[in-house]
Amino acid sequence: MQGSRLTFFGGVGKSGGVQVLYGKGKQAVLFDFGVEHSSLLFPKQVTLCEPVGATPGRELRQFLLAGMTAPLTELYDPDALKGLDAAKVRRRVWNDADFPRYDDIRLFIGHMHTDHMAVLPYARPDLPVYMSHDSHSLFRGMVAGRHSADTKARITVCDDLSVIDFGEFSMQIVEMDHNATGAAGLILDDGIHKIAYTGDWRRQGKHPERIDRFIELCRARQVDLLITEGTRLASDPSSEVSGQMPEAELLSRFSEIVGEADGLVILQMSPRDLERMADMIAIAAAQGRKIAMDASHAAIWHAANREGLRILKDHPALDTALRIVEPTVAEGDFFPYETISLEEMAERKGEYIYFYKFPDLAHLIELETLGEAPGPSHFIQSDYSVKIDQADVAKFLQTFGIVGHSLSNGGHAHPEALSDMIERIAPQAVITLHSRYPDSQNTRGIPAYRPTKGETAAVSSIVERR
Ligand SMILES: [Zn+2]
Ligand SMILES: [Zn+2]
């Protein structure tokens with residue numbers, strides 16, 4: 001009887017796109033189902049202005065032929081494959097590699113960033129998919145806000161720390177902290193070896209206690225192999241990587257900016273970090289600001305909260321009224337909120353904060369030119385892919401004398417935090433994925449294993465090399 005094996009389809013030597021197949025006997029789980037950043041194509045993503053995207057209707061074919069997703073046709077919706085031949089993909093893209101075969105493959109999606117979930121809309125109908133409760137709520141929000149197409153897969157919503165028994169192995173869901181609401185990692189156990197997967201994580205977020213809990217769980221279970229992300233590792237391991245502001249400090253700076261502003265406050269943030277959105281809504285409301293919001297952001301907020309985001313239970317932002325900015329409403333949109341026109345907002349700039357979405361900069365022409373304000377407007381960029389020095393944003397800020405602020409702390413662990421986690425868990429071996437520079441990882445003496453893309457390795461051979 002063969003022990004468990006790992007096959008690495010994505011996330012090797014690249015940022016994002018972790019796709020690892022863990023299997024034993026006839027059963028397997030593929031963890032995460034997105035595509036790498038900076039591959040040939042970017043999945044349709046609303047936070048980037050003009051990504052080189054896949055051809056609408058042919059996305060899955062192009063992801064498969066670009067080697068951006070696992071060549072396991074049983075995972076995919078035949079309608080999306082449109083007759084693409086699996087053998088051809090394996091021959092042309094994966095050098096005819098002989099991948100392990102399993103009768104029962106299920107998915108785990110750790111969080112709702114595109115590089116971890118972009119392929120979900122193309123999953124085979126009724127394919128079993130596991131995710132955390134809040135990841136599922138956010139996904140419903142993303143579908144409502146048109147950030148993602150829906151899926152025909154069969155989603156099982158998992159409680160924090162719940163254990164799914166596959167038969168050949170078990171999988172425990174462990175919620176983490178990352179700038180996507182609901183982010184979770186895993187502990188896999190086949191009765192012989194235990195593997196922990198962090199997903200994307202950070203220590204500077206609002207819930208460092210969750211990271212400590214993950215470490216304690218891994219120590220208590222004596223995890224043999226740790227698979228962590230390493231996004232922030234630099235090409236030169238000796239180079240100083242700047243520290244990251246804790247979330248509490250970021251929020252208090254936000255509060256100061258809003259408190260001191262006399263004019264309009266414009267905020268650009270990620271609507272997949274709904275806890276920060278909630279905190280910023282509550283802080284701005286407490287400072288006497290009314291909340292105006294882009295319609296797609298409001299759709300995510302409303303639909304995710306209708307599902308009952310656990311992390312926002314009893315949060316004061318849930319009772320705060322929103323006003324949807326009129327020109328962002330698309331036909332067929334329905335919200336239980338009032339709308340506000342640009343003219344009304346321009347007349348009362350000092351009363352509003354606008355949760356805005358790039359590239360709606362043209363709104364600023366009207367907002368800045370009409371009405372009066374006792375002071376300049378403030379533009380806050382908070383962990384969003386379009387920064388304040390982006391050419392168009394910079395041009396608008398300069399033209400209208402808008403004060404720009406950058407309030408970001410990133411979603412990923414600092415190299416020191418990575419090393420600290422590895423040392424404390426003290427596994428037999430560590431694998432760093434989701435990183436351009438995995439060799440820069442200081443593992444504090446723990447043996448590192450460097451898989452290659454497309455490689456299949458027995459777990460025993462990885463952990464018993466010493
Ligand atoms: Zn990622
Ligand atoms: Zn992420």
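Conventions used here
Residues numbered from 1 in each chain as written. Chains lettered and ligands numbered in written order. Predicted model: local features only at pLDDT ≥ 70, side-chain atom pairs only at ≥ 80, totals over all residues. Helix = DSSP H or I, 4+ residues; strand = E, 2+ residues; numbered from the N terminus. Rg over C-alpha atoms; globule rule 2.2 N^0.38 Å. Buried ≥ 20, exposed ≤ 12 C-beta atoms within 10 Å, placed from the backbone. Contact = placed C-beta atoms within 7 Å. Arc of directions from axis to C-beta. Pairing = 2+ DSSP bridges. Axes fitted to C-alpha atoms, helices over the stretch in contact; angles between N-to-C directions. Expected span 1.5 Å × (residues − 1). Domains from an automatic or database assignment. Nonpolar A, V, L, I, M, F, W, Y, C, P; charged D, E, K, R; others polar. Parallel < 35°, antiparallel > 145°, perpendicular 65-115°, else oblique. Left-handed = near helix turned anticlockwise from the far one by under 90°.

The chain goes by Metallo-beta-lactamase domain-containing protein in an unreviewed UniProt entry, where it is assigned to Cohnella zeiphila.

**Regarding the overall build of the chain**
On a plain count of helices and strands, the chain comes out with 14 helices and 20 strands. A compact globule built from 466 residues should have a C-alpha radius of gyration of about 23 Å, and the chain, at 23 Å, falls within 12% of that. Dimensions of the chain, computed from C-alpha atoms along their principal axes, come out at roughly 75 × 50 × 40 Å. Residues classed as buried in the chain amount to 50% of the 466 residues present. In the chain, the share of contacts with a sequence separation of at least 24, taken over all contacts with a separation of at least 6, comes to 72%.

**With respect to helix 11 (residues 362-369)**
Inspection of helix 11 places His 363, Leu 364, Leu 367 and Glu 368 among the buried residues, and these make up the whole buried set. The buried residues of helix 11 occupy an angular sector of 120 degrees when the element is viewed end-on, so they sit on one face. Away from the buried face of helix 11 by more than 90 degrees, exposed residues Ala 362 and Thr 369 are located. One or two residues past the end of helix 11 sits Gly 371, with phi positive at roughly 70 degrees.

**Observations regarding the environment of Ser 132**
Examined against the element boundaries, Ser 132 turns out to sit in strand 5 (residues 128-132). Take Ser 132: there are 28 C-beta atoms within 10 Å of it, and that puts it in the buried class. Taking the C-alpha atoms as reference points, Ser 132 and Gly 23, separated by 109 residues in sequence, lie 21 Å from one another. Setting aside chain neighbours within four positions, we find Ser 132 in contact with Cys 158, Asp 160, Ile 173, Glu 175, Gly 182 and Ala 184.

**Here's the deal with the sheet that holds strand 2 (residues 19-24)**
Sheets are built from strands that pair by backbone hydrogen bonding, the pairs being arranged parallel or antiparallel. The seven strands are arranged 6-5-4-3-2-1-20 in an open sheet whose pairing can be described as mixed. The outermost strands of the open sheet, each flanked by one partner alone, are strand 6 (154-158) and strand 20 (456-458). With strand direction ignored, the average angle separating the axes of adjacent strands in the sheet is 25 degrees. The pairing of strand 4 (residues 104-108) with strand 5 spans two bridges and is parallel. By the bridge assignment for strand 5, Leu 107 is matched with Val 129. Together, strand 5 and strand 6 form the strand contacts of helix 5 (residues 133-144), whose direction differs from that of strand 5 by roughly 105 degrees.

**Digging into helix 7 (residues 247-260)**
Compared with an ideal rise of 1.5 Å per residue, which puts 14 residues at 20 Å, helix 7 spans 20 Å between its outermost C-alpha atoms and is within 8% of the ideal. Listed in full, the buried residues belonging to helix 7 are Glu 247, Leu 250, Phe 254 and Val 258. For helix 7, the buried positions fall inside an angular range of 70 degrees around the axis, keeping them on one side. Residues Ala 248, Ser 252 and Glu 260 are exposed on helix 7 and point more than 90 degrees away from its buried face.

**Topic: the sheet that holds strand 11 (residues 225-229)**
Taken in spatial order, the six strands line up as 7-8-9-10-11-19 in an open sheet, and their pairing is mixed. On the outer flanks of this sheet lie strand 7 (163-165) and strand 19 (429-433), each paired with one strand and no other. Adjacent strand axes in the sheet meet at a mean angle of 15 degrees when their direction is disregarded. With five bridges joining them, strand 11 and strand 19 adopt parallel strand pairing. Following the sheet pairing, Leu 225 is matched in strand 19 by Ala 429.

**Here's the deal with the domain arrangement of the chain**
It is common to give the size of an interface as the accessible area lost on bringing the parts into contact. Under the domain assignment used here, the chain contains domain 1 (5-237 + 412-463) and domain 2 (247-406). Relative to domain 2, the C-alpha centre of domain 1 lies at a distance of 32 Å. Listed as interface residues are 23 residues of domain 1 and, on the opposing side, 25 residues of domain 2. Classifying every residue of the side of domain 1 that touches domain 2 gives seven nonpolar, 12 polar and four charged.

**Points about the packing of helix 5 against helix 9 (residues 295-306)**
Their axes nearest at 7 Å, the elements helix 5 and helix 9 cross at an angle of 140 degrees. Taken together, the axes of helix 5 and helix 9 lie oblique to each other. Judged by the twist between their axes, the crossing of helix 5 over helix 9 is right-handed. For the pair formed by helix 5 and helix 9, the contact residues are Ser 137, Leu 138, Arg 140, Gly 141, Met 142 and Ala 144 on the first element and Ala 299, Ile 300, Trp 301, Ala 303 and Ala 304 on the second. A per-class count over the contact of helix 5 with helix 9 returns eight nonpolar, two polar and one charged.

**Focus: the pairing of strand 2**
Counted residue by residue, strand 2 has six buried out of six residues, so it is predominantly covered. Neither face of strand 2 is open: one carries Gln 19, Leu 21 and Gly 23, the other Val 20, Tyr 22 and Lys 24, and all of them are buried. Here strand 1 (residues 5-10) pairs with strand 2 via five bridges, running antiparallel. When the sheet's bridge partners are listed, Phe 8 is paired in strand 2 with Val 20. Sheet topology note: the strand 2/strand 3 (residues 27-31) ladder contains five bridges and is antiparallel. The partner of Leu 21 across the bridge, within strand 3, is Leu 30. In this antiparallel pair of consecutive strands, strand 2 and strand 3, the connection spans two residues, and Gly 25 shows a positive phi of 60 degrees.

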